[in-house]
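# Results of the structural survey
In case you want the letters, here they are:
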Amino acid sequence: MGVIAKNKSKATGKKTGAVIDSKVGNYEKHPFFVKKANAAKEILKNTRLPK
């Protein structure tokens, strides 16, 4: 029989080091995300998925 290793670290569920700022930019019209969104729409349009 083998020995079962147990994870001894405990998750606290708290995020540390996060900075919350109301001055975060809007990336809705950023070219990278527009390109990805258009590609996803094209895939969904060409794929025969149930409506």
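Description of the structure in this document. The shown structure was predicted, so the numbers you read here are calculated from the model rather than taken from an experiment.

### Concerning the overall build of the chain
When helices and strands are counted, the chain shows 1 helix and 0 strands. Of all 51 residues assigned to the chain, the portion counted as buried reaches 0%. Accessible surface, the chain: about 6,100 Å² in total, of which carbon and sulfur atoms supply 59%.

### Comments concerning the packing of aromatic side chains
One pass over the structure, following the stated rule, counts 2 aromatic pairs. Ring centres 5.1 Å apart and planes at 85 degrees place the aromatic pair F32 and F33 in the edge-to-face group. The exposure class of F32 is partly exposed, given its relative accessible area of 46%.

### What to know about a nonpolar patch on the surface
On the surface, a nonpolar cluster with roughly 450 Å² of combined accessible area is contributed by V24, Y27, F32 and F33. Within the secondary structure, F32 is located in helix 1 (residues 31–46).

### Quick word on helix 1
Residues spaced three or four apart along an α-helix face the same direction, because each turn holds 3.6 residues. Here helix 1 contains 16 residues, and its C-alpha end-to-end distance of 22 Å stays within 8% of the 22 Å for a straight helix at 1.5 Å per residue. With 0 of its 16 residues buried, helix 1 lies for the most part at the surface.

### A short note on the environment of V34
Secondary-structure assignment places V34 in helix 1. Once you skip the residues sitting within four places of it in the chain, V34 turns out to touch E28 and K29.

Basis of the calculations
- Residues numbered from 1 in each chain as written.
- Predicted model: local features only at pLDDT ≥ 70, side-chain atom pairs only at ≥ 80, totals over all residues.
- Heavy atoms only, no water.
- Helix = DSSP H or I, 4+ residues; strand = E, 2+ residues; numbered from the N terminus.
- Buried < 20%, exposed > 50% of the residue type's maximum accessible area, 1.4 Å probe, protein only.
- Areas by Shrake-Rupley, 256 points an atom, 1.4 Å probe, with all protein chains shown as cover.
- Phe/Tyr/Trp six-rings, centres within 6.5 Å; stacked < 30°, edge-to-face > 60°.
- Patch = residues over 30% accessible without salt bridge, like charges linked within 9 Å, V, L, I, M, F, W, Y side chains within 5 Å.
- Salt bridge = Lys/Arg side-chain N within 4 Å of Asp/Glu carboxyl O.
- Expected span 1.5 Å × (residues − 1).
- Contact = heavy atoms within 4.5 Å.

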